[in-house]
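Fold and geometry: a report
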Amino acid sequence: MVDDLRKFLNHLLEKVNGLHCILITDRDGVPVVRSVTEKAPQLALRPNFISTFGMATEQASKLGLGRNKTIISMYSSYQVIQMNKLPLVITFIGSDNCNTGHILSLESQIEPFLKDLGTIVADAP
């Protein structure tokens, strides 16, 4: 299952111009599966960077607007899009001029893989 997902993520990376990384982790930032190009910033792939999403999404959900689903962060050279699919988090890292809407549309394509993967992660000790 993980190999099929990795192949699929590699296919998506090739399909979206400027997308450098698709990373599926648990909420603590521990990688479950990833697809990365050489252009992905290595610091952004570290668990301590990825795990900040959990804290940020909890705080954003306290704004009274409902549960936070996605956080988009724009930097000078990159954009980071993180989706809340607890117990999983999907992180996309792309160039600053990568089409953000195109990245967001990938959610529906990745979602069918997440149910089984989420169950495995949730059952892990």
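Heads up: the structure comes first, above all this text.
What counts as what
Residues numbered from 1 in each chain as written. Predicted model: local features only at pLDDT ≥ 70, side-chain atom pairs only at ≥ 80, totals over all residues. Heavy atoms only, no water. Buried < 20%, exposed > 50% of the residue type's maximum accessible area, 1.4 Å probe, protein only. Helix = DSSP H or I, 4+ residues; strand = E, 2+ residues; numbered from the N terminus. Pairing = 2+ DSSP bridges. Core = buried A, V, L, I, M, F, W, Y, C linked by side-chain atoms within 4.5 Å. Contact = heavy atoms within 4.5 Å. Salt bridge = Lys/Arg side-chain N within 4 Å of Asp/Glu carboxyl O. Arc of directions from axis to C-beta. Expected span 1.5 Å × (residues − 1).

1. Topic: the pairing of strand S5 (residues 88-95)
- For S5, the tally of buried residues reaches eight of eight residues, placing the bulk of the element in the interior.
- Relative to S5, strand S1 (residues 19-26) runs antiparallel, the two sharing seven bridges. If you follow leucine 23 over to S5, its bridge partner there is threonine 91.
- Linking strand S4 (residues 78-85) to S5, which pair antiparallel, is a turn of two residues.

2. Side note on the pairing of S1
- S1 sits mainly inside the fold: eight of its eight residues count as buried.
- Pairing between S1 and strand S2 (residues 31-36): five bridges, direction antiparallel. From the neighbouring strand, leucine 23 faces S2, where its bridge partner is arginine 34.

3. Quick look at the nonpolar core
- Within the largest apolar cluster, 20 residues are counted, with the highest numbers of intra-cluster contacts made by Leu9, Leu19, Ile22, Ile24, Ile90, Phe92 and Ile110.
- Ranked by the residues each element gives to this core, the list is headed by helix H1 (residues 2-15), at four residues.
- Not counting residues within four places of it along the chain, the set of residues in contact with isoleucine 90 comprises Ile22, Leu23, Ile24, Ile81, Gln82, Met83, Lys85, Ile110 and Leu114.
- Counting residues in each nonpolar core, the second largest holds eight residues, with Cys21, Leu23, Leu45 and Ile93 among its members.

4. Looking at unusual backbone geometry
- Cis geometry marks the peptide bond from leucine 86 to proline 87; its omega dihedral reads 15°.
- Along the chain, proline 87 turns up in the loop between S4 and S5.

5. Considerations on the side chain of asparagine 84
- Along the polypeptide, asparagine 84 turns up in strand S4.
- For asparagine 84, the contacting residues outside a window of four places in its chain are Phe53, Thr57, Arg67, Asn68 and Lys69.

6. Considering the pattern of salt bridges
- Throughout the structure, instances matching the rule amount to three salt bridges.
- Put simply, glutamate 107 and lysine 85 hold a salt bridge, and the shortest N to O gap is 2.4 Å. Remark: lysine 85 occurs in strand S4 and glutamate 107 occurs in helix H5 (residues 107-123); sequence separation between them is 22 residues.
- Owing to a relative accessible area of 25%, glutamate 107 belongs among the partly exposed residues under this scheme.

7. Here we look at helix H3 (residues 52-61)
- Along H3, the positions that sit buried rather than exposed are Phe53, Gly54 and Thr57. Down the axis, H3 shows its buried residues gathered within 100° of arc, on one side only.
- Of the surrounding secondary structure, the elements contacted by the buried residues of H3 are helix H2 (47-50), strand S3 (70-74), S4 and S5.

8. Overview of H1
- Spanning 14 residues, H1 covers 20 Å between terminal C-alpha atoms, matching the ideal 20 Å at 1.5 Å per step.
- All of the buried residues in H1 are Leu5, Leu9, Leu12 and Leu13. Viewed end-on, H1 has its buried residues packed into an arc of 100°, placing them on one side of the element. Opposite the buried face of H1, by more than 90 degrees, sit the exposed residues Asp3, Asp4, Lys7 and Glu14.

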